[in-house]
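This is what each chain is made of:
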Amino acid sequence: MMTICICGGGSLGHVIAGYLSTKRDVSVNILTQRPQLWARELSIHTPEKHTLCGRLNIVSNNPEEALQNASIVLLCLPGYAIKSELIKIRPYVNERTFVGSVFSSTGFFFEALEILDSNVPLWGFQRVPFIARTEQYGQSAHLLGYKSIHNIAVERYNDKEGFRCLIESLFGAPVNLLNNFYEASLTNSNPLLHTSRLYTMFGGENEGKVFNRMILFYEEWTKEAAQLLINMDNEFFKLLKLLPVSEGYLAPILDYYESYDAESLANKLSSIQGFKGITSPMKQIDNGWVPDFSSRYFTEDFPYGLRYIWELAHKYQVDVPHIDMVYEWGISKVNAIS
């Protein structure tokens, strides 16, 4: 019997715990701050209108209890919670415990390589394996969509192919093994996509502006935001040329969105059906709307996304004026509310 410990009680924690607990010879534990709200039975509703009925083994806020006999640990946590969780579990993991993250671009590998002992194997998804939404906390959730293929990185373990096969069998889709943790950690999605848009909405000449309404984040994407995103992406790829990553592991932003300049990119981003209706991180005040700097758009994408690109660029002395401008602006807003 393989024991897997899921750390975190968000939507992905619910869905992955329920999904894996239906597997033969798999026992699932949950490490959560609110164990009293969890039932032992967990229902997961799938896109095929089926309901997966999983049974949890241990639900606890005590890491020693939740991690007992665990051979795989999977952090399903936002970036700001990763460091403290790794410190919490450190005494209870060893060379037989594969510690991973459901999403690697919020700093998991950078933190884990420093915090956990050097014999602890590390692994992480490049992107989340499921689209998920909690229905009733601790009891049920919706698995809204699957990924057709998963990309993972594995560090500090020799039989990477064997571990790749294990994750493939657990998650029921082909798994591609990345060359190293950089390829799982560094992306031009949220760390560049969100931050470029935020700067052009609320920084520069719009600093301190009070808006007369809520702005749609994607549907009202501007040519200015698209151009800044392209500039930041070009700087990012200058950095990638100096890192041990495979050429082509990541598509430039224009290629990914099948665009050729700022105007076509803005048109593309504003027309994507899945982005319809998504609002901006704003809050209403007496005389209008202003940015909400406590939103995860700020508290996640700057200190636990763009930060790692910015730090590596400076470490390797890559000239990144647009990334500098956006990062320094955004991190100043995050620090001001801390």
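This text follows the structure it describes.
All values derive from a computational prediction rather than experimental measurement.

Chemist: An account of helix α3 (residues 79-89) is needed here, citing residue identities and associated values.
Modeler: If you check which residues of α3 are buried, you get Gly79, Ala81, Ile82, Glu85, Leu86 and Ile89. For α3, the angular spread of buried residues about the axis comes to 135 degrees, placing them on one side.

Chemist: Help me get a handle on the side chain of glutamate 183, residues and values and all.
Modeler: With respect to the secondary-structure elements, glutamate 183 resides in helix α6 (residues 181-185). Despite its burial, glutamate 183 remains without a salt bridge, the nearest opposite charge being carried by lysine 160 at 10 Å. Ignoring any residue separated from it by four or fewer positions in sequence, one finds glutamate 183 in contact with Gln126, Leu178, Pro244, Val245, Ser246 and Tyr249.

Chemist: So what's going on with the packing of helix α8 (residues 223-240) against helix α10 (residues 262-271)? Which residues, and what values?
Modeler: Relative orientation of the contacting elements α8 and α10 amounts to 110 degrees, with a least axis distance of 8 Å. Our classification of the angle between α8 and α10 gives roughly perpendicular. Like other packed secondary-structure pairs, α8 and α10 cross with a definite hand, here right-handed. Residues Lys223, Ala226, Gln227, Leu229 and Ile230 of α8 form the contact with α10, whose own contacting residues are Ala262, Glu263, Leu265, Ala266 and Leu269. The class makeup of the residues in the contact of α8 with α10 is seven nonpolar, one polar and two charged.

Chemist: Give me the lowdown on helix α4 (residues 108-115), citing residues and values where you can.
Modeler: Because an α-helix completes one turn every 3.6 residues, residues spaced three or four positions apart along the sequence face the same direction. Counting buried positions along α4 gives six out of eight residues, so the element sits mostly inside the fold. Within the sequence span of α4, burial applies to Phe108, Phe109, Phe110, Glu111, Ala112 and Ile115.

Chemist: Could you give me a rundown of the sheet that holds strand β1 (residues 2-7), with the residues and numbers involved?
Modeler: The eight strands lie next to each other as β5-β2-β1-β6-β7-β8-β11-β12, forming an open sheet whose pairing is mixed. Two strands close off the open sheet at either side, each with one partner strand: β5 (58-60) and β12 (175-177). For this sheet the average axis-to-axis angle between neighbouring strands, irrespective of direction, equals 25 degrees. As judged from the four bridges shared by strand β6 (residues 70-75) and strand β7 (residues 98-101), these two strands associate in the parallel manner. From the neighbouring strand, leucine 75 faces β7, where its bridge partner is serine 101. Contacting β1, β2 (26-31) and β6, helix α1 (residues 11-21) runs over the sheet at an angle of about 160 degrees to β2. Of the strands in this sheet, β6, β7, β8 (122-125) and β11 (150-155) are in contact with α4, which crosses β8 at around 170 degrees.

Chemist: Describe the packing of aromatic side chains, naming the residues involved and giving the relevant values.
Modeler: Each aromatic ring pair is summarised here by two numbers: the centre-to-centre distance and the angle between the ring planes. One pass over the structure, following the stated rule, counts 29 aromatic pairs. Ring centres 6.0 Å apart and planes at 35 degrees place the aromatic pair phenylalanine 130 and phenylalanine 171 in the tilted group. Here phenylalanine 130, found in strand β9 (residues 130-136), pairs with phenylalanine 171, found in helix α5 (residues 160-171); they are 41 residues apart in sequence, far enough to count as distant. Phenylalanine 171 matches phenylalanine 130 in its accessibility class, with the two residues each being buried. Here phenylalanine 302 and tryptophan 329 contribute two aromatic rings whose centre-to-centre distance is 6.1 Å and whose plane-to-plane angle is 70 degrees, an arrangement assigned as edge-to-face. On the criterion of sequence distance, the pair formed by phenylalanine 302 in helix α12 (residues 302-315) and tryptophan 329 in helix α13 (residues 321-337) is long-range, its members being 27 residues apart. In terms of burial, phenylalanine 302 and tryptophan 329 fall into one category: buried. Every member of this aromatic cluster is reached through a ring pair, and the members are Tyr19, Phe98, Trp123, Phe125, Phe130, Tyr146, Tyr157, Phe163 and Phe171. The ring of phenylalanine 217 carries arginine 197 above its face, with NZ or CZ at 5.8 Å from the centroid.

Chemist: Break down unusual backbone geometry for me, citing the residues and quoting the values.
Modeler: Although it is not a glycine, aspartate 25 sits at a positive phi angle of roughly 60 degrees. Among the secondary structure elements, aspartate 25 is positioned in the loop between α1 and β2. In this structure, asparagine 69 is a non-glycine residue whose phi angle is positive, near 65 degrees. With respect to the element layout, asparagine 69 can be found in the loop between α2 (63-66) and β6.

Chemist: Please provide a residue-by-residue account of the nonpolar core, values included.
Modeler: Of all hydrophobic cores here, the largest spans 78 residues; its most connected members are Leu75, Leu86, Val99, Leu186 and Trp221. Ranked by residues supplied to this core, first place goes to α8 with nine residues. Among residues more than four places away in sequence, those in contact with valine 99 are Val73, Leu75, Leu86, Ile89, Val93, Phe108, Leu116, Val120, Pro121, Leu122 and Trp123. By size, the runner-up hydrophobic cluster in this structure holds 33 residues, among which are Cys76, Phe125, Phe163 and Val175.

Chemist: I'd like to hear about the layout of surface pockets, residue by residue, with values.
Modeler: Here the largest pocket is characterised by a volume of approximately 1,500 Å³. Lining the largest pocket are 43 residues, and of these Leu12, Phe103, Val128, Asn190 and His194 lie nearest its centre. Residue classes in the lining of the largest pocket are distributed as 25 nonpolar, 12 polar and six charged. Quantified by volume, the second largest pocket comes out at close to 330 Å³. Lining the second largest pocket we find 16 residues, and of these Gly8, Gly9, Gln33, Leu77 and Ala81 sit closest to its centre. With five residues, the top contributor of residues to the lining of the second largest pocket is α3. For the lining of the second largest pocket, a count of residues per class yields six nonpolar, six polar and four charged.

Chemist: An account of the environment of valine 128 is requested, with residue identities and associated values reported.
Modeler: Mapped onto the secondary structure, valine 128 falls in the loop between β8 and β9. With 210 residues separating them along the chain, valine 128 and serine 338 place their C-alpha atoms 28 Å apart. When near neighbours in sequence (up to four residues on either side) are disregarded, valine 128 contacts Leu12, Val102, Phe103 and Lys147.

Reading the values: the criteria
Residues numbered from 1 in each chain as written. Predicted model: local features only at pLDDT ≥ 70, side-chain atom pairs only at ≥ 80, totals over all residues. Heavy atoms only, no water. Buried < 20%, exposed > 50% of the residue type's maximum accessible area, 1.4 Å probe, protein only. Helix = DSSP H or I, 4+ residues; strand = E, 2+ residues; numbered from the N terminus. Arc of directions from axis to C-beta. Lys, Arg positive; Asp, Glu negative; His and termini not counted. Salt bridge = Lys/Arg side-chain N within 4 Å of Asp/Glu carboxyl O. Contact = heavy atoms within 4.5 Å. Axes fitted to C-alpha atoms, helices over the stretch in contact; angles between N-to-C directions. Parallel < 35°, antiparallel > 145°, perpendicular 65-115°, else oblique. Left-handed = near helix turned anticlockwise from the far one by under 90°. Nonpolar A, V, L, I, M, F, W, Y, C, P; charged D, E, K, R; others polar. Pairing = 2+ DSSP bridges. Phe/Tyr/Trp six-rings, centres within 6.5 Å; stacked < 30°, edge-to-face > 60°. Lys NZ or Arg CZ within 6 Å of the ring centre and 35° of its normal. Core = buried A, V, L, I, M, F, W, Y, C linked by side-chain atoms within 4.5 Å. 1 Å grid on protein atoms, 1.4 Å probe; cavity = no way out; pocket = protein on both sides within 12 Å on 5 of 7 lines; lining within 4 Å. Points joined across faces, edges and corners; volume = space filled by probe spheres on them.

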